[in-house]
Amino acid sequence: AQTVTQSQPEMSVQEAETVTLSCTYDTSESDYYLFWYKQPPSRQMILVIRQEAYKQQNATENRFSVNFQKAAKSFSLKISDSQLGDAAMYFCAYTKETSGSRLTFGEGTQLTVNP
Amino acid sequence: GAGVSQSPSNKVTEKGKDVELRCDPISGHTALYWYRQSLGQGLEFLIYFQGNSAPDKSGLPSDRFSAERTGGSVSTLTIQRTQQEDSAVYLCASSLVQGAFPAEAFFGQGTRLTVV
């Protein structure tokens, strides 16, 4: 079974600084997809960034980028120039299917941004 | 609607009562998912509907839980004889399944269920 682990229950960062959230996963699949979702207090999950396992190039979306290390099964999220609005719970997620299926989520990391 | 809509937003029920949670997915989305998020936990998969295919019910925790999707659109998650351990936020998501890349799953704001 696939598992996703986020070892940092809480993280904090100063506004305008950079923070990295960690995620590791376990799978025997060679093709799969990884995601970072953000959950603000409104509870609505918002997709931040996604990565295809077959792509060596790390995904980037504006201030958000990932460090995908396939051999190490590591998928960290870097937030640059942190903003107060980035404060939220962040979840790492995995799926192995393109046809739509369950996402397997990590336990989440609560990010606090200090002014 | 513009997004995934869930109702009610909050529900308090007495132990032993049945509850129904509703999800209106984004129009045209073929896939619909239910997840459960217990306090301070990640999301736990419950059930997945895709078009006219048989749903993937492998995440339902007990036979007290059931879900249906009528007309390929609205879905109802039913919990019978609720227990205190059922207290959680129940999140619904939908996506348009096509192509060779998993489509983005759009989530609703969830229903917070409290069993007293």
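Residues numbered from 1 in each chain as written. Chains lettered and ligands numbered in written order. Predicted model: local features only at pLDDT ≥ 70, side-chain atom pairs only at ≥ 80, totals over all residues. Heavy atoms only, no water.

**Q** How should I be thinking about the overall build of chain A in this particular structure?
**A** Secondary structure summary: chain A contains zero helices and 12 strands in total. Going from N to C terminus, chain A has its helices and strands arranged as β-β-β-β-β-β-β-β-β-β-β-β. By the compact-globule yardstick of 13 Å for 115 residues, chain A fits well, its C-alpha radius of gyration being 14 Å. With the C-alpha coordinates aligned to their principal axes, the bounding extent of chain A is approximately 40 × 30 × 25 Å. Burial analysis of chain A (115 residues in total) assigns 49% to the buried set. In chain A, the share of contacts with a sequence separation of at least 24, taken over all contacts with a separation of at least 6, comes to 55%. For chain A, the accessible surface area stands at approximately 5,500 Å², while carbon and sulfur atoms represent 43% of it. Positive and negative side-chain charges in chain A, numbering 10 and 12 respectively, have mean positions lying 5 Å apart. (Helix = DSSP H or I, 4+ residues; strand = E, 2+ residues; numbered from the N terminus. Rg over C-alpha atoms; globule rule 2.2 N^0.38 Å. Buried < 20%, exposed > 50% of the residue type's maximum accessible area, 1.4 Å probe, protein only. Contact = heavy atoms within 4.5 Å. Areas by Shrake-Rupley, 256 points an atom, 1.4 Å probe, with all protein chains shown as cover. Lys, Arg positive; Asp, Glu negative; His and termini not counted. Charge placed at Lys NZ, Arg CZ, Asp CG, Glu CD.)

**Q** How should the layout of surface pockets be read in this particular structure?
**A** A probe matching the size of a water molecule, rolled over the atoms, marks out where space remains unfilled. For the largest pocket, the calculated volume is near 340 Å³. Together, 18 residues line the largest pocket, and A:Q39, B:Q37, B:L39, B:G40 and B:R112 are the ones closest to its centre. Secondary structure elements with two or more residues in the lining of the largest pocket: β10 (88-95) of chain A together with β8 (88-95) and β10 (111-115) of chain B. Of the residues that constitute the lining of the largest pocket, the class distribution is nine nonpolar, seven polar and two charged. (1 Å grid on protein atoms, 1.4 Å probe; cavity = no way out; pocket = protein on both sides within 12 Å on 5 of 7 lines; lining within 4 Å. Points joined across faces, edges and corners; volume = space filled by probe spheres on them. Nonpolar A, V, L, I, M, F, W, Y, C, P; charged D, E, K, R; others polar.)

**Q** Is there a simple way to explain the side chain of B:Q6 in this structure?
**A** Residues and elements named next belong to chain B. Residue placement: Q6 occurs in strand β1 (residues 5-7). From its side chain, Q6 meets the backbone oxygen of Y90 in a polar contact 2.9 Å long. Here C92 takes part through its backbone nitrogen, which lies 2.9 Å from a polar atom of the side chain of Q6. Those residues in contact with Q6 that lie beyond four places of it in its chain are R22, C23, W34, Y90, L91, C92, G108, Q109, G110 and T111. (Polar contact = N/O pair within 3.5 Å; in protein donor to acceptor, adjacent residues only side chain to side chain.)

**Q** I tried to follow the side chain of B:R36 on my own but got confused; where do I start?
**A** Looking at where B:R36 falls in the secondary structure, it is placed in strand β4 (residues 31-37). The residues contacting B:R36, other than those within four sequence positions of it, are B:G42, B:L43, B:E44, B:L46, B:P61, B:F65, B:E85, B:D86, B:A88, B:V89 and B:Y90.

**Q** How should I be thinking about the pattern of salt bridges in this particular structure?
**A** Between side chains of opposite charge, a pair can form when the charged atoms approach closely. Residue and element names in this part refer to chain B. On inspection of all chains with the given rule, the structure shows six salt bridges over all chains. With a shortest N-O distance of 2.8 Å, D24 and R22 are connected by a salt bridge. Since its relative accessible area comes to 24%, D24 is described here as partly exposed. (Salt bridge = Lys/Arg side-chain N within 4 Å of Asp/Glu carboxyl O.)

**Q** Just checking my understanding: could you explain the interface of chain B and chain A for this structure?
**A** With 30 residues of chain B at the contact, the number on the chain A side is 23 residues. With both sides pooled, the region where chain B packs onto chain A buries about 2,100 Å², and carbon together with sulfur makes up 54% of that total. Taken together, the connections running from chain B to chain A amount to zero salt bridges. For the interface between chain B and chain A, the tally reads six residue pairs in polar contact (both at pLDDT 80 or more). For the side of chain B that touches chain A, the secondary structure elements donating two or more residues are β4, β5 (43-50), β8 and β10 of chain B. Residues belonging to the side of chain B that touches chain A are distributed by class as follows: 14 nonpolar, 13 polar and three charged. (Buried area = accessible area lost by both parts, 1.4 Å probe.)

**Q** Would you explain the sheet that holds β1(B) in this entry?
**A** Backbone hydrogen bonds are what pair the strands of a sheet, in a parallel or an antiparallel way. All names here are of chain B. With respect to topology, four strands assemble into an open sheet ordered β1-β3-β7-β6, the strand pairing being antiparallel. Each edge of the sheet is formed by a strand with only one pairing partner; in this case those strands are β1 and β6 (65-69). With direction set aside, neighbouring strand axes in the sheet form an average angle of 15°. Where β1 lies against strand β3 (residues 19-24), three bridges are found, and the strand directions are antiparallel. Paired with Q6 across the two strands is C23, which belongs to β3. (Pairing = 2+ DSSP bridges. Axes fitted to C-alpha atoms, helices over the stretch in contact; angles between N-to-C directions.)

**Q** How do you make sense of the nonpolar core when you look at a structure like this?
**A** The nonpolar side chains of a soluble globular protein tend to be buried, and buried together. Of all hydrophobic cores here, the largest spans 25 residues; its most connected members are A:W36, A:F75, A:L77 and A:Y90. Top contributing element to this core by residue count: β10(A), with four residues. When residues no more than four places from it in sequence are discounted, the contact partners of A:F75 are A:C23, A:Y25, A:L34, A:F35, A:W36, A:Q51, A:V66, A:N67, A:F68 and A:C92. Core analysis: the next-biggest nonpolar cluster, separate from the first, contains 21 residues, A:M45, A:F91, B:L91 and B:F107 among them. (Core = buried A, V, L, I, M, F, W, Y, C linked by side-chain atoms within 4.5 Å.)

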